[in-house]
Amino acid sequence: MSGTLSAEDAAWISAAREARVLEHIREKNPQFKDGVIPMFCPDADRTEMRKHLDKLVARETDGKPPRVHPLTSHGAALALPWQSPLSNLSPFLFGFLTDRRVFRNWFWRAFIYITFPLWWIVGRVARIDIFFLIKFWWAIDHKGIKAVVLYIHAPCGAAGQCGISFLEQLRYLILAKRRLKRRLELLGITVTCLCHVDYGNTADGYSGDEKEHPNTYFIRTHKAEAWLEHLSQRKKNP
Ligand SMILES: [Zn+2]
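It should be emphasised that the depicted structure is a prediction, and the values quoted were computed from it without experimental measurement.

Taken as a whole, the protein chain is organised into domain 1 (7-61 + 68-81 + 128-236) and domain 2 (89-126). On a C-alpha basis, the centres of domain 1 and domain 2 stand 31 Å from each other.

Put into structure tokens, the structure is as follows:
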């Protein structure tokens, strides 16, 4: 399930486009020539994200097959920052362990409920962010691909389940890029940030001009950071 774009998120996406934080992809990306390692959300209803990236890579390869080595995690780049709810197993572990379709023994489920604090700690300790930092390190080293593409997308079911708004997704994306660059800088990586939006799934009657037309936007993170800072100052001093 990929969720529904809320009217509030749709309005913020529209504002981000006006502020040119989200930009149509016009520039070429020569660093995609030797391939890319994208981090996608494995959303079965958003396969156009992958197809669009294939096209962006193919136009750089002089007719050679594009090399795309995807890593997937629910919420995509939201799994990378330490602060993100999706960086560990806690949003999912308790639900999994108490699902009677998975664990039929009532005694087991009762045990899980009684020992809930223990499982909350186990979930927090099970780090998805570290798992993906290792995956990136391994893929970059073994495939010789240095172009990383970090995605966020809206609407995103995993973000929705954790109550992460579009503005928070942007914040986590900036943190994800910064962390990846800091940790793997000496491997010579470049990091491109993209945001996919499906306007065809809006709630509350939002009627954006691109309704029905899913689109992938380029995000300049320094611009996004300045915009988020401006919004937070405006909130403090209205
Ligand atoms: Zn998603």
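What follows concerns the pairing of strand S6 (residues 215-219). Relative to S6, strand S1 (residues 22-24) is paired through three bridges, and the arrangement is antiparallel. Bridge assignment links Leu22 to a residue of S6, and that residue is Ile219. Here strand S5 (residues 190-197) pairs with S6 via five bridges, running antiparallel. Its bridge partner being in S6, Val197 is matched across the sheet by Asn215.

Moving on to the nonpolar core. Ranked by size, the top nonpolar core spans 52 residues in total, and within it Ala77, Leu78, Leu150, Tyr151 and Leu173 carry the most contacts. If one sorts the elements of this core by residue count, helix H8 (residues 166-184) sits on top with eight residues. Setting aside its immediate chain neighbours within four residues, Leu78 contacts Ser84, Leu86, Ile152, Ala159, Ile164, Gln169 and Tyr172.

Cis geometry marks the peptide bond from Ala154 to Pro155, where omega comes out at 0°. As for its position among the elements, Pro155 is in the loop between strand S4 (147-154) and helix H7 (157-161). Positioned with a positive phi, Asp62 is a non-glycine residue whose angle comes to about 50°. Of note, Asp62 is situated in the loop between helix H2 (48-58) and strand S3 (71-72). Residue classification places Asp62 among the exposed positions, given that 7 C-beta atoms sit within 10 Å.

Below, the discussion takes up helix H1 (residues 7-18). Given a rise of 1.5 Å per residue, twelve residues ought to cover 16 Å, and the 17 Å separating the end C-alpha atoms of H1 matches this to within 8%. Inspection of H1 places Asp9, Ala10, Ile13 and Ala16 among the buried residues, and these make up the whole buried set. One face of H1 carries all of its buried residues, which in axial projection span an arc of 120°. Packing partners of the buried residues in H1 comprise S1, S4, H8 and S5. Among the residues trailing H1, Arg20 stands out with phi positive, at a value near 60°.

The contact between H8 and helix H9 (residues 221-236) brings their axes to 10 Å, and the two run at 135°. Taken together, the axes of H8 and H9 lie oblique to each other. Our pair here, H8 against H9, has a crossing hand that is left-handed. Two secondary-structure elements touch here, H8 through Leu167, Leu170, Arg171, Ile174 and Lys177 and H9 through Thr221, Ala224, Glu225 and Leu228. When grouped by side-chain class, the residues that make up the contact of H8 with H9 number five nonpolar, one polar and three charged.

With that out of the way, let us pick up the packing of helix H6 (residues 128-143) against H8. Here H6 crosses H8 at 50°, and the two axes come no closer than 11 Å. The orientation of H6 with respect to H8, classified from their angle, is oblique. The handedness of the crossing between H6 and H8 comes out as right-handed. The segment H6 lies against H8, with Leu133, Phe136, Trp137 and Ile140 engaging Leu180, Arg183 and Leu184.

A few words now on the environment of Asp9. With respect to the helices, strands and loops of the structure, Asp9 is situated in helix H1. When residues no more than four places from it in sequence are discounted, the contact partners of Asp9 are Ala154, Ser165 and Phe166.

So, about the pairing of S4. Burial runs high along S4: eight of the eight residues are buried. The side-chain alternation of S4 yields two buried faces, one formed by Ala147, Val149, Tyr151 and His153 and the other by Val148, Leu150, Ile152 and Ala154. Here four bridges tie strand S2 (residues 36-40) to S4, and the two strands are oriented parallel to one another. Bridge pairing in S4 places Pro38 opposite Val149.

Rules used in this analysis
Residues numbered from 1 in each chain as written. Predicted model: local features only at pLDDT ≥ 70, side-chain atom pairs only at ≥ 80, totals over all residues. Domains from an automatic or database assignment. Pairing = 2+ DSSP bridges. Helix = DSSP H or I, 4+ residues; strand = E, 2+ residues; numbered from the N terminus. Core = buried A, V, L, I, M, F, W, Y, C linked by C-beta atoms within 7 Å. Buried ≥ 20, exposed ≤ 12 C-beta atoms within 10 Å, placed from the backbone. Contact = placed C-beta atoms within 7 Å. Expected span 1.5 Å × (residues − 1). Arc of directions from axis to C-beta. Axes fitted to C-alpha atoms, helices over the stretch in contact; angles between N-to-C directions. Parallel < 35°, antiparallel > 145°, perpendicular 65-115°, else oblique. Left-handed = near helix turned anticlockwise from the far one by under 90°. Nonpolar A, V, L, I, M, F, W, Y, C, P; charged D, E, K, R; others polar.

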